[in-house]
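# What the coordinates show
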Amino acid sequence: MQLIDNYNFAGKKAIVRVDFNVPLKDGKVADDTRIKGALPTLKKVLADGGSLIIMSHMGKPKGQVVAKFSLGQIVDEVSKLLGSPVKFVNDCQKAQAEAAALKPGDVLLLENLRFYAEEEGKPVGIDKEDPAYEAAKKEMKEKQKEFSKVLASYADCYINDAFGTAHRKHASTAVIADYFDADNKMLGYLMEKEVAAVDKVLNNINRPFVAIMGGSKVSTKIGIIENLMTKVDRLILCGGMTYTFAKANGGTVGTSICEEDKLDLALEIQEMAKKNNVELYLAVDCVVTNAFDFDNMSLKPGAEVKIVPATEIPDGFEGLDAGVKSQKIFADAIKGAKTILWNGPAGVFECDDFTAGSKAIANAIAEATKEGAFSLIGGGDSVACINKFGLADQVSYISTGGGALLEAIEGKELPGIKAIKG
Ligand code: AMP
């Protein structure tokens, strides 16, 4: 596989897929983390004497031109951060002349790829149940190849630096790679870092390995839990899934989030842990309330908040965080770890009354990292937690990929990476 460090971009035009799907406020970039994440790759091309054609998606315009998702809004910010003027082409399929005119050091940003349905390659305006759907899908796949070929025609080489979309087989993330030979396609620096981080928790594991899985439901995490079962030494399952386990073990859970159809699955997970000699940790107590407003993520006036055993939640109350005893158990389980993976909060951390469980986990991870552990934090909400607690610089790696990271940890091969690795 070609490596960006071994490639000399002098005199070459590089088309780079980045993830510039940044949040905007009043038409201005509200958070530039994603743009900054791609800078090392972009700067390497320019420093070598190459030119750049940058492409990205923004939002979900579903194959339509939608002004609020125009990448034209971020030109100034990209230009400022890159330290070079950026030219903008308002149709990603009509940049032939601008691309041909590029000189070393020039930078071109293409309009939102998803203004064309071909980018995602899904037929629009036809239901999956429609008998004509399969034919429409086939036709769209052909169109997607043509779309990708046009993008590829702008450049001498292709770089994928968008980990956030690496789990999608889209035109710019995977199909385009078919139009470059192995020597002229590569992962960008951000992608390389993400791949290395995933490798440390899946293959090159330093033990003990502790994984903390939280969030709202067991059903969305089961693929990962299964894959981790053969890899981790300790597994902490927290957040909303606590209550599916509590009910499966004969407890009462009040109005807590509980997947009634996953009770057997919860028991199977417990068995799996035993079989694989994995120490499984579930909350023994939890913080409950009888009046929580999920729309505003706050307690309703007059709400009662108390700590009860996780399997004895009174009627009318719901568990929204791990209790004090559980927090200590979780922190102790994280202590001494040499590899840590955290995905999903231990409670409704968006509300200050229910952050303590997630905070205890975050602090324990920071502490273990200080003692030499490699810690990977991934999935939007755990990243939000780490940022909320001001601990971002005290963990080893914060992944930029939500869905992509989860699929990678499930053990799936990501199309964006496969397209380059072959
Ligand atoms: P996920 O996207 O599955 O990782 O879930 C993240 C969400 O789970 C966050 O918005 C949390 O507020 C929510 N969550 C965590 N614990 C609970 C709980 N006990 N009950 C309901 N939601 C929860």
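Here, every reference points to the structure presented above.
My aim in this report is to walk through the structure given alongside it, one point at a time. Keep in mind the model is a prediction, meaning the values are calculated, not measured. Along each chain, residue indices are assigned from 1 in the same order as the chain's sequence is written. Local features are withheld for residues below a pLDDT of 70 in this predicted model, meaning they are given only at 70 or higher, and side-chain atom pairs are given and counted only at 80 or more; totals for whole chains, interfaces and linings count all residues. Heavy atoms from the whole structure form the basis of all side-chain values; hydrogens and water molecules are not counted.

## Comments concerning the site of the ligand
Selection rule: Distances are taken per atom, and a residue is near a molecule or strand as soon as one of its heavy atoms is within 4 Å of it. Identification of polar contacts relies on pairs of N or O atoms within 3.5 Å, with a donor-acceptor requirement for protein atoms, meaning one able to donate a hydrogen and the other able to accept it, and with residues adjacent in sequence counted only if both atoms are side-chain atoms. All accessibility values rest on the Shrake-Rupley procedure with a 1.4 Å probe; residue burial counts only the protein chains present in the view. When residues are sorted by character, Ala, Val, Leu, Ile, Met, Phe, Trp, Tyr, Cys and Pro go into the nonpolar class, Asp, Glu, Lys and Arg into the charged class, and all the rest, Gly among them, into the polar class.
In the vicinity of the ligand, 14 residues are found, and the nearest of them are Ser216, Lys221, Gly319, Glu350 and Asp381. At 3.1 Å, a backbone N or O of Ser216 approaches an oxygen atom of the ligand. Here an oxygen atom of the ligand sits 3.0 Å away from a polar atom, N or O, in the side chain of Lys221. Burial of the ligand by the protein chains amounts to 82% of its free accessible area of 510 Å². Taken together, the residues of the shell around the ligand break down into 5 nonpolar, 6 polar and 3 charged.

## Observations regarding the side chain of Glu259
Quick note on the threshold: Here a strand is any run of E in DSSP of at least two residues, a helix any run of H or I of at least four, and the numbering for each starts at the N terminus. Exposed residues in this analysis have more than 50% of their type's maximum accessible area, buried residues have under 20%, and partly exposed residues fall in between, with area computed by a 1.4 Å probe over protein chains only. Charge counting treats Lys and Arg as positive and Asp and Glu as negative, with His and both chain ends excluded. What counts as a salt bridge is simple: a side-chain nitrogen of Lys or Arg found within 4 Å of a carboxyl oxygen of Asp or Glu.
As for its position among the elements, Glu259 is in the loop between strand 12 (252-253) and helix 9 (263-275). In this structure Glu259 is buried but unpaired, with Lys217 as the nearest side chain of opposite charge at 5.2 Å.

## Re helix 1 (residues 33-48)
Applied cut-off: Helix span, expected: 1.5 Å multiplied by one less than the number of residues in the helix. A residue's bend is simply the angle between two axes: one fitted to the seven residues ending at it, one to the seven starting at it.
For helix 1, spanning 16 residues, the distance from its first C-alpha to its last is 24 Å, which sits close to the expected 22 Å at 1.5 Å a residue. Within helix 1, the axis deviates most sharply at Leu39, by approximately 40°, and proline Pro40 lies no more than four positions further along. Regarding helix 1, the residues found buried are Ile35, Ala38, Leu39, Thr41, Leu42, Lys44, Val45 and Leu46.

## Examining a positive patch on the surface
Rules: Two distance rules govern patches: like charges are joined within 9 Å, and nonpolar side chains (Val, Leu, Ile, Met, Phe, Trp, Tyr) within 5 Å, applied only to residues with over 30% relative accessible area and no salt bridge. For this purpose, a charge sits on NZ of Lys, CZ of Arg, CG of Asp or CD of Glu.
Side chains of Lys128, Lys137, Lys141, Lys169 and Lys418 sit close together on the surface and give a patch of like positive charge. Take Lys169: it is sitting in the loop between strand 8 (157-160) and strand 9 (185-187).

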